[in-house]
Structures are given as structure tokens and as C-alpha cells.
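Structural overview
As a plain string of letters, each chain reads:
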Amino acid sequence: MQINRSEKRNNQRKIMADRSYRTVSSFLSWAFALIFLALIGFIIYAAIPGFEHFGITNIIFTGKFDLNKGEASVWLPLCVTILSAGIAILIAAPIGIKSSLFIKYRMPIRFQKLMRIAIELLADIPSVIFGLFATVALGSITGFIFGSGTNYSCITASLMLSFMILPTIVSLSLNALDGVDPELLSSAMALGNTKTRTIYKICKRDCRNGITVGVIIAISRAIGETMAVSMILQSQLYNNTFNDGLFSVLTSGLRSLGALISANMFAEGGGAWLQGLLFAFGIVMFIFVIILNAIAMRLTKKQSQKKQNWWTNLTRFITQTIYIIPSAISSCFEKLTYHHKVNSDNVAEFISRRVQENKFIKIYDYWKIFWEYLSIGLTFIFLFWILENVISIGGAAISSQYSSVISFYKDTTGQALVNTLLIIIVAIWIGFPLSLFIAIYLNEFTSNSKVKKLLLFFIDSLGATPSILFGMFGLIFFVQTLGLTSHGAAGKSLIAGTLTILIVILPIFIRTIQQALNAVPMELRINSYALGAGKWETIRKIVLPIARQGIMTSVVLSIGRILAETAPLYLTSGLSASSQISFLNEGQTLTTRIYAQIYEADINKGTSIMYECAFVTMILVFLIIFIVHILIPWYYRYKDKKERERYYNISRLQKIKDDKRCFKERLNDYSKTIKFYLQMF
């Protein structure tokens, strides 16, 4: 009776724990959804003065931009944004896809991991370092080739964006290729196809939706990029430049939509009407990016792929239209080079001979392999180019007269490093439990598929939002509304920047933790429930320990995201340094200190400080890559090894004890037998 009562109390505790943690995680999940809705609502509210001053007709339905004359069309800066992003994707997409095919199917397996680490290193470089590299090294080359006479042109920005989105395309294309069944390659080659033809005609087609998603996400990143582009594009003479033609636009420094927002947010003489106009432009950018990501999300759903045959038919029609002339040429070439007649008695021999003697197949293979080697070569060249540029010049800058990396006073790199570390620590300290509970609710507690899809939509939409919009929300909410600064609504502060960065990292934090939880086999949960464990007890004792490596990786990746952000901190924490480090004072981080030097009158001093901060930032990026790919896997391999040794030693000691016990039992049996026979005699 007492045992039944204790079991009943234990069951009640388990039920109460399950309900409590389910309620807490559900509350945090819906609070996150409210953050997304609040972000949209505050931006729309802040855009009202702009719509009232300029009018919706002037912003949406005109084609002129000159703020001095009251002309504020969104289309001219948006055209520059689309043009630069379009050129970038035309360069990066073929190089990225070819590079991913080379890594997956040409490289030995032992080198594939190293190449993936190199691609991730390129993806983790902060955007302002790309902007610094473009203004110093890349701009001089493009200016000489195109005769623009300046490093600051739309062509330079487009090439820089192509390098920025290249690792995104390579990584997502590799993920799509990893999902291809390996038997497709071996089966097609067994039928007589060459490896190259099988890769492009079967493997690539099988994962084309995943590759398309990668390209669309890369386009959205190129459109949403702000700070790196604003370091290059610094002109607002849209009317005159567009009247001169397309080449004038390409060789000019016209600002993109994001660069226009960041450059004019704190412009002198601009009141609420100017900020309202910039918030209206932010709404247009947000809608544009959300549409692109909605298309990408739609393509990833298998059911929609089966239902919407119009997309498949459209892509097939476009492909056939583009390749109609090359296909006709290849068919004629094959007929001219192959003269054997069809023998209906031995079709297999005819097919085999036709494949072996088809000259065009070899040309096709050589052509594709040539572009793969060229693409992977260009990827390597750019990676080593930017690393060499930052390390060589940055290393020299640390020993220059302008170096302040070991000084922690006002306007020093050391203070910027401390501010960066403080923001990282506080943002991770707050964001980790929030992300963990939301991920647990999505993966473990929620059973309603519609609720889960809705929450995932909010998370993915917030993750696709351009970072400049987070900064705008942080400026209007944390600074101007709540006044979380030492100077009230007119100031800026590290705490406002930290809370804004917290919202930035939550989507990637939640998604990576959810993926780690989802990787735990469902059989372990079922076995735990069968043994009488509750939901939360199973999560705490089974799921979380197994997923700990993925959870730690998500923490490190979120740190890398914080380190790379500039726009949210620029609008909330400011570009100026404070004499005292405090969360209520404004302060520079490493990336905002780089961006602040474009306003430095002494060019040599500004360039030296930029490269010093870039060098320190790259060291932190290298450290993050080392922790994620080397230290964490080594730690868990070492820990598992020690666990196996411990269990082996325990089992060995237990076996020795069992052997001793058995020996004693046998010895007692022998002694009893001997005594029995002695008594008989």
C-alpha cells in the first residue's frame, strides 16, 4: 500500500513537471512570435511620417529620387539593389554550383571535410571585412578594367557581393547533393554512362530544388546586405546617372536600398519625415526578401513539388529553349562522327558501341570538368586572396603607431574588443535558455502540426529579415521608446545593441538546437516512456545529453553570427567610443569600429585601424572554426573513449569478482565432496 502511494506521488510529480515545462516553453514560443509581429508593427508605425510627408504616390508610383526637391521614389535605389544582386548571383551561382559538384564527386573524402571548413571560414567573415577588402584591393582592379577611375562603383559592389554569397551557394548545394542517393550514380554508370554525364544529368537534376533554394537564399542575402555595400556606394545622384544609361549606373557609386537607409538614418537636418521615409524603404526591402524566402520554403516542400507541376514544366521549357541550339549542334556532331548502322538483332552491342565511340561525350566531359576545376580554383584564389590581404596588412597594422589593441581607453581597439565580448556573453546568456526551451517545445511538446508550421514560419521569416531592419527596430523600440541609454531617447547604448543582437541570433539559435534535438532517434524516447519515465524526464536525461554536441555547436555558431553583425549595432550602440565601459553608454565593437573609420580624415590612420580590427576579428573567426570543427569533436571523442574505458574497467573488475566468487563456490563444493567421502570411509 505504501509502495502504491509513493508510485502515485512520483507519477503526479512527473505530470506536474511535464505540464510546467510545456507551459513555460509554449509561453516563450508565442512570445517569440509576438516579437516578430512587434518588429513589423513598429517599423510600419515609424514609416507613417514618411508616407504623410512624401505621399504613397510619390514613393511607390514615381521614378524620380531627389530629397531636396521632395522626390522619393523607392524604385531607383531598389533597381540598384536588384542590379548589383543580379550581377552577383550571375557570377556566384555557376561558380558555387560547379565548386560543390567538384567537392562532392571529384575530391577524395579525406579532403572534403577540409574544403567544407574552408568554405565555412569564408562564410563566417564579417561583411565589413569584405567591404574593406573591396575598397582597398578589389576596387583598384575593377576601376582599371572598366575605366571608371574609382574604387567605389556598382561593379565593385557586385563582385564583392558575389564573393560574399559564394560560400552560401556552395554550402547549401553541398547539403542538397548529400541528400542524393549514392546508388543513382553507381547504377547510371553501370548502364554505360560516364561519371560526368551521370553527375549532371541525374544527380544534379535529382537535387535541383535544393540547389535552387540555395541560390534564392543567396539572392536574399545579397539584397539585404547593407554595411559592406555602404562602404563602397556613396552617391545619391540617381536621376542624372540613370538618364546617362546602364553603363553609367554600373560605373557609378549609387547607393543600394540598404546603403541608402544606413547612410541617412542619422543625417543632419533630417527629422521624423526622413526617418519615416527610410522605414518605408525598409518595409519594401522586407517584403521583397520575404517573398524570395517564401518561394524557397515552398520549393523545399515535397508535397508542393508534386502538386505544382507548373514549376517543373516551366523550368523544363526554359531549359529546352536555352539549350535548343547546343542540343542541335551536338546531335549533328554525333551523326557525323558515328557511322554504324542499327542492328536489331543485337541492340545491347549497338548501344554499348554507340556510347563508347560517341566523340561528343568526351567533349562534354572535358568541358564540364574544365569549368569545375576553374570554379574551384577561383574559390581557392579568392579565399587565399582575402586571407592574405587581411593577415599581411593587419599584422603590420598591429605594430604600427596607430595600434591600440592592448589599450582599453576611449577610442581604442582594445575597448572595442571588450565591448564585443560583453555583448557576446550577455546575448548568449539570455538567448541560450530562451532558444533551448523554444526548440524543445517545437520538437518535443507540440503535437499540432498547424501550430508548429506557424511558429516555424515566424522563426524562418525573422531569420530571413535583413539585419538593417533589426537595427531599425532596436533604434525605435529600445532607444527611442524605452530609452535604455544614459542620455535617454537621444543616445545609444551597449544594452540596446545587445538586446537587438539577441533578436538577430534567436532564429539561427532555435533552428540549430531543434536540428540537434531532431537528430536523436525516436526509439530512445519510446523506450524511455515504456520504462515509466515522463516527457520532461526523458528530455532531460536522454535527449539533451545525446544532443549536447549539436547544442554546443549552435552556441558557437551564434557567437560567430554576433561577431559578424554590424548594422544592428551601428544603429543602436553607435559608432562613437565612450570614456567608460558601461551597458548604458554607447560603444564601438570590432565591426562598427571598422565601419567608423570611413569618416576618419586621416586616410592612413583610418586604414591602419580598419586592418587592425579586421585582423583581430579574423583571429576570433579562426578560433570559432577551431572550436566547432576540432575542439568539440575531439572533446566528445575523448569523453566517449574514457566512458568506454571506464565501462570496460568496471566490467573487467566485475568479471574478476564473478570469477573469484565462482572459484570460491567451486572450492566449497569440492571441500564438501571431499568431507562427504571422508565421512564414508
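It should be noted that the structure appears before, not after, this text.
Reference entry: report on the structure contained in this document. A quick note: this is a predicted structure, and the numbers were derived from the prediction, not measured.

Brief notes about the pattern of salt bridges
A side chain with one charge may pair with a side chain of the opposite charge, provided their charged atoms come close. Counted by the stated rule, this structure contains eight salt bridges. Its salt-bridge partner being Asp-178, residue Lys-104 comes within 3.0 Å of it at the nearest N-O pair. One end of the pair, Lys-104, is in helix α3 (residues 75-105); the other, Asp-178, is in helix α6 (residues 154-178), with 74 residues separating them in the sequence. Relative accessible area serves as the criterion here: at 24%, Lys-104 is assigned to the partly exposed category.

Comments concerning the packing of aromatic side chains
This model, assessed by the stated rule, comprises 25 aromatic pairs. Their ring planes at 70° and their centres at 4.9 Å tell us that Phe-102 and Tyr-373 sit as a pair that is edge-to-face. Note that Phe-102 is positioned in helix α3 and Tyr-373 in helix α19 (residues 359-398), a separation of 271 residues in sequence. Members of the aromatic cluster, joined through ring pairs, are Phe-130, Phe-133, Phe-163, Phe-382 and Trp-385. For Lys-368, the ring lying beneath its charged end belongs to Tyr-200, and the centroid distance is 4.8 Å.

Things to note about unusual backbone geometry
Of note, Asp-411 is a non-glycine position whose phi angle comes to about 60°, a positive value. Along the chain, the position of Asp-411 falls in the loop between α19 and α20 (413-445). Residue Asp-411 is classed as partly exposed on the basis of its relative accessible area of 40%.

A few points about the packing of α20 against helix α23 (residues 494-518)
Between two packed helices, the angle of one axis relative to the other and the distance separating the axes together describe the packing. Packing of α20 against α23 brings their axes to within 6 Å, and their N-to-C directions diverge by 40°. In this view, α20 runs oblique relative to α23, as classed from their interaxial angle. Between α20 and α23 the crossing geometry is right-handed.

Section: the environment of Leu-499
Along the chain, the position of Leu-499 falls in helix α23. Leu-499 gets classed as partly exposed once you look at its relative accessible area, which sits at 21%. The spacing of Leu-499 and Pro-568 is 69 residues in sequence and 9.9 Å in space, taken between C-alpha atoms. Beyond its immediate stretch of four places on either side in the chain, Leu-499 contacts Phe-478 and Leu-484.

Rules used in this analysis
- Chains are numbered independently. Their residues run from 1 in the order of the written sequence.
- Only residues with pLDDT of at least 70 get local features here, since the model is predicted, and only at 80 or more are side-chain atom pairs given and counted; chain-wide, interface and lining totals rely on the full set of residues.
- By convention in this description, side-chain values take in all heavy atoms of the structure and omit both hydrogens and water.
- The working definition used for a salt bridge is a side-chain nitrogen of Lys or Arg within 4 Å of a carboxyl oxygen of Asp or Glu.
- A run of H or I in DSSP counts as a helix once it spans at least four residues, and a run of E counts as a strand once it spans at least two, with each numbered from the N terminus.
- Each residue is assigned to one of three classes by its accessible area relative to the maximum for its type, calculated with a 1.4 Å probe on protein chains only: buried under 20%, partly exposed between the two thresholds, exposed over 50%.
- Geometry of aromatic contacts follows a simple scheme: Phe, Tyr and Trp rings, the Trp one being its six-membered ring, pair when their centres are within 6.5 Å, and the pair is stacked under 30 degrees between planes, edge-to-face over 60, tilted otherwise.
- Think of it as a cone above the ring: NZ of Lys or CZ of Arg counts as a charge over the ring if it is within 6 Å of the ring centre and within 35 degrees of the ring normal.
- Between N-to-C directions, angles cover 0 to 180 degrees, with each direction set by a line fitted to C-alpha atoms, over the stretch in contact for helices.
- Note that the term roughly parallel is reserved for angles under 35 degrees, roughly antiparallel for angles over 145, roughly perpendicular for angles of 65 to 115, and oblique for everything else.
- A crossing counts as left-handed when the near helix is turned anticlockwise from the far one by less than a right angle, and as right-handed when that turn is clockwise.
- We call two residues contacting when some pair of their heavy atoms lies within 4.5 Å.

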